[in-house]
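What follows is the residue order along each chain.
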Amino acid sequence: MDLKDHIRGIPDFPKPGILFYDISTLLREADAWQVAMGRMARAVRQYTPDLVAGIESRGFLIAAPLALKLGCGFIMIRKPRKLPGETVGLNYALEYGEDRVEIQADAVLPGQRVVVVDDLLATGGTMAAGIELLRSVGAVVPAAAALIELTFLNGRSRLDVPCDALVSYDS
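Predicted model, so just to flag it, every value in this text is computed and none were measured.

Quick notes on the state of the cysteines
And then number 1: Taken as a whole, this structure holds zero disulfides when the rule is applied.
And then number 2: Cysteine 72 takes part in no disulfide bond, and the closest cysteine sulfur to it belongs to cysteine 163, at a distance of 17 Å.
And then number 3: For cysteine 72, a relative accessible area of 17% puts it in the buried group.

Below, the structure is given as structure tokens:
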């Protein structure tokens, strides 16, 4: 199955000049979603994760069912003030400004293997920040994964771990 057949491109969203790759069309097709999760599980299983960390918010849609399929726990990497209890965060640079990601302080035990997952790897900034944040609390991050990679943005170059992507777009 060609997963690209189930991903819709929406021009000029969220702003003019951007082509948005909409995975909702894949998620609503049970067979396509099942195939995607099976392929993602095969790619990620080799890293023997204890946990799968999803990046807010569409990354949750990929990471949570993936964790279930792999028999792992699932944790959330979120924007500030979205998680209850004590959190640990990391500020990181954007092209224009700064952003922050957080996890719950007790989400990861030192030495646990955590694979970071998002729906899309673009410039790599958020994925790299998630990896750094997890390492700051003692996690071992052997890899990252995404459903879609925009190879022309070279986000993979910002990651210091292997990254598996099921679908790539070159422009």
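Some details on the side chain of aspartate 119
And then number 1: Turning to its location among the elements, aspartate 119 is positioned in strand 7 (residues 114–121).
And then number 2: In terms of polar contacts, aspartate 119 uses its side chain to reach the side chain of arginine 58, at 2.9 Å.
And then number 3: Apart from residues lying up to four places away in sequence, aspartate 119 is in contact with Ile23, Arg58, Gly59, Ile62, Ala146, Leu147 and Ile148.

Some details on the sheet that holds strand 9 (residues 163–169)
And then number 1: Taken together, five strands build an open sheet; the order of strands is 4-3-7-8-9 and the sheet is parallel. Unpaired on one side and paired on the other, strand 4 (73–77) and strand 9 mark the two borders of the sheet. Neighbour-to-neighbour, the strand axes of this sheet turn through a mean angle of 20°, independent of strand direction.
And then number 2: Two elements, strand 3 (residues 51–55) and strand 7, share four bridges in a ladder whose sense is parallel. Paired with glycine 54 across the two strands is valine 117, which belongs to strand 7.
And then number 3: Along the sheet, helix 2 (residues 30–45) contacts strand 7, strand 8 (144–150) and strand 9; its crossing angle with strand 8, the most-contacted strand, is approximately 125°.

Cut-offs and rules
- Throughout this description, residue numbers start from 1 for each chain and increase along the sequence as written.
- Given that the model is predicted, a residue must reach a pLDDT of at least 70 before its local features are reported, and side-chain atom pairs must reach 80 or more before they are shown or counted; all residues, however, enter totals for whole chains, interfaces and linings.
- Values reported for side chains reflect all heavy atoms of the structure, with hydrogen atoms and water molecules removed beforehand.
- Disulfides are defined as cysteine sulfur pairs within 2.5 Å.
- Each residue is assigned to one of three classes by its accessible area relative to the maximum for its type, calculated with a 1.4 Å probe on protein chains only: buried under 20%, partly exposed between the two thresholds, exposed over 50%.
- Numbered from the N terminus, helices here are DSSP runs of H or I no shorter than four residues, and strands are runs of E no shorter than two.
- Two N or O atoms form a polar contact when they lie within 3.5 Å of each other; inside protein one atom must be a possible hydrogen donor and the other a possible acceptor, and for residues adjacent in sequence the pair counts only when both atoms belong to side chains.
- Note on definitions: a residue-residue contact is assigned when non-hydrogen atoms from the two residues lie within 4.5 Å.
- Think of it this way: DSSP has to see at least two bridges between two strands before they count as a pair.
- Fitted lines through C-alpha atoms serve as axes, helices being fitted only where they are in contact, and the angles separating the N-to-C directions of these axes extend from 0 to 180 degrees.

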